[in-house]
Amino acid sequence: MKRDIAEMKRMLPLPTLMEWLGIGESAKTSARCPFHQDSRASFSIYETPKGWRWKCHASCGGGDEVALIERAENLSRTDAIARLRELAVPPVLDWNSGGASKSAEVIFPSDLHSGNRAELECVAALRKVDFWAVATMQQNGVLRFGTVCSSPCWIVMDDSRLCAEARRMDGAFFPAVGPLSERKAHTLRGSKKNWPVGISLPADLTKHFRKVLLLEGSGDLVAGYHFALAGPADWLPIAILGASVRGLDPAALLLLSGKRVRIVPHCDAAGRNAAELWAAEIAQAGCAVDGFSLEGLRKQDGTLLGDLNDATEILPADAAQLEGLWE
Ligand SMILES: [Zn+2]
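One structure accompanies this document, and this report is about it. (Residues numbered from 1 in each chain as written. Predicted model: local features only at pLDDT ≥ 70, side-chain atom pairs only at ≥ 80, totals over all residues. Heavy atoms only, no water.)

Notes on the nonpolar core
One finds L256, I282, L322 and L325 to be the most contacted residues of the largest nonpolar core, which totals 61 residues. At six residues, the largest contribution of residues to this core is made by helix 7 (residues 218–230). Not counting residues within four places of it along the chain, the set of residues in contact with I282 comprises L214, L248, L253, L256, V261, C287 and V289. Core analysis: the next-biggest nonpolar cluster, separate from the first, contains 27 residues, L12, I23, I69 and A88 among them. (Core = buried A, V, L, I, M, F, W, Y, C linked by side-chain atoms within 4.5 Å. Buried < 20%, exposed > 50% of the residue type's maximum accessible area, 1.4 Å probe, protein only. Helix = DSSP H or I, 4+ residues; strand = E, 2+ residues; numbered from the N terminus. Contact = heavy atoms within 4.5 Å.)

Overview of the sheet that holds strand 2 (residues 51–56)
Sheet architecture is open: three strands sit in the order 1-2-3, paired in antiparallel fashion. Whereas interior strands pair on both sides, the edge strands pair on one side only; in this sheet they are strand 1 (43–48) and strand 3 (61–63). Each strand of the sheet is rotated relative to its neighbour by a mean of 10°, with strand direction disregarded. As paired elements, strand 1 and strand 2 share six bridges and run antiparallel to each other. Bridging across to strand 2, I45 finds its partner in W54. With respect to the sheet, helix 3 (residues 65–73) is in contact with strand 1, strand 2 and strand 3, its orientation differing from that of strand 2 by roughly 35°. (Pairing = 2+ DSSP bridges. Axes fitted to C-alpha atoms, helices over the stretch in contact; angles between N-to-C directions.)

Quick notes on the coordination of the zinc ion
Donor atoms from the polypeptide that coordinate the zinc ion comprise C33 (SG), H36 (ND1), C56 (SG) and C60 (SG), at 2.0 to 2.3 Å from the metal. Of note is the zinc ion, whose four donor atoms meet at the metal with angles of 99 to 120° in an arrangement that counts as tetrahedral. When the donor residues of the zinc ion are listed from N- to C-terminus, their spacing reads C-x2-H-x19-C-x3-C. Here C33, found in the loop between helix 2 (14–20) and strand 1, pairs with C56, found in strand 2; they are 23 residues apart in sequence, far enough to count as distant. Exposure class is identical for C33 and C56. Each is buried. (Donors = N, O, S within 2.8 Å, 3.2 Å for Na, K, Ca; no water. Tetrahedral: all angles 85-135°; square planar, octahedral: opposite > 155°, others 65-115°.)

Side note on the state of the cysteines
What the rule picks out here adds up to zero disulfides. No disulfide involves C149; its sulfur sits 7.1 Å from that of C153, the nearest cysteine. Residue classification places C149 among the partly exposed residues on the basis of a relative accessible area of 32%. This cysteine, C163, is not joined by any disulfide, and C153 carries the nearest cysteine sulfur, 15 Å off. (Disulfide = S-S within 2.5 Å.)

What follows is the structure, given as structure tokens:
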């Protein structure tokens, strides 16, 4: 067992492990600690004759690779060792590309799970959407749960497992770490951002949807499922996780081919710009594509909608215009 752990550490030394867990920026002799709000450089890693060590000079502790996994993913030592075993696999060779190693796969949390009723209810309340919207996402394999950056999170992904994004169950932001500023959503390491999340459903279910609602971001994806509940049954909501994404994955475009695609952009310049470029790419793939604008529609407090998620609080007088979503 002991030798086994030493072998795994050789395959996945601390700097590489931290890279894989998305905290590679802190893998230095002096860095901001990835485990607490650190305004000074409290964190360091260093090599000893017995291997790599990390230490936080505040109160996050220190130790070897196993201790880091324990801290990063809130695991017991036994579970952290199992996790290290899972991560420290020899590189998979892709023979089609002459033996070069495959591109990294998405690193999912070790406690990735479908979610119980309380977790689903929590997301529904957090996003102000119908419980059954969230339950449908779970059913479609588009919503999962797990611990990311030490916090319980809800995670959007799909059957392809190519792209996944986590958001905290408490609705709070992920703390800044290295070059990453505070952020409401954390893209899991290894994700292909040009994969529209939600397009690949289990058991070939995708083919039963003739129309696709293409949204921006995980928040709008949840809202898309919310509004689709009351809409016609042949619409599938999917989402590209960021307005800066260009060059959609060819395999995703193939899944879209022959379907009608409607883009609902965010009400800002970046959103409109992205929607135009995505529309061009999707049209080129042979889909009928159009857009639905939320501009000018108001929330109950009188302010303008910024995105589809805001529409869960739409002013009753403007609600009828939302029906146009499905025309
Ligand atoms: Zn710390």
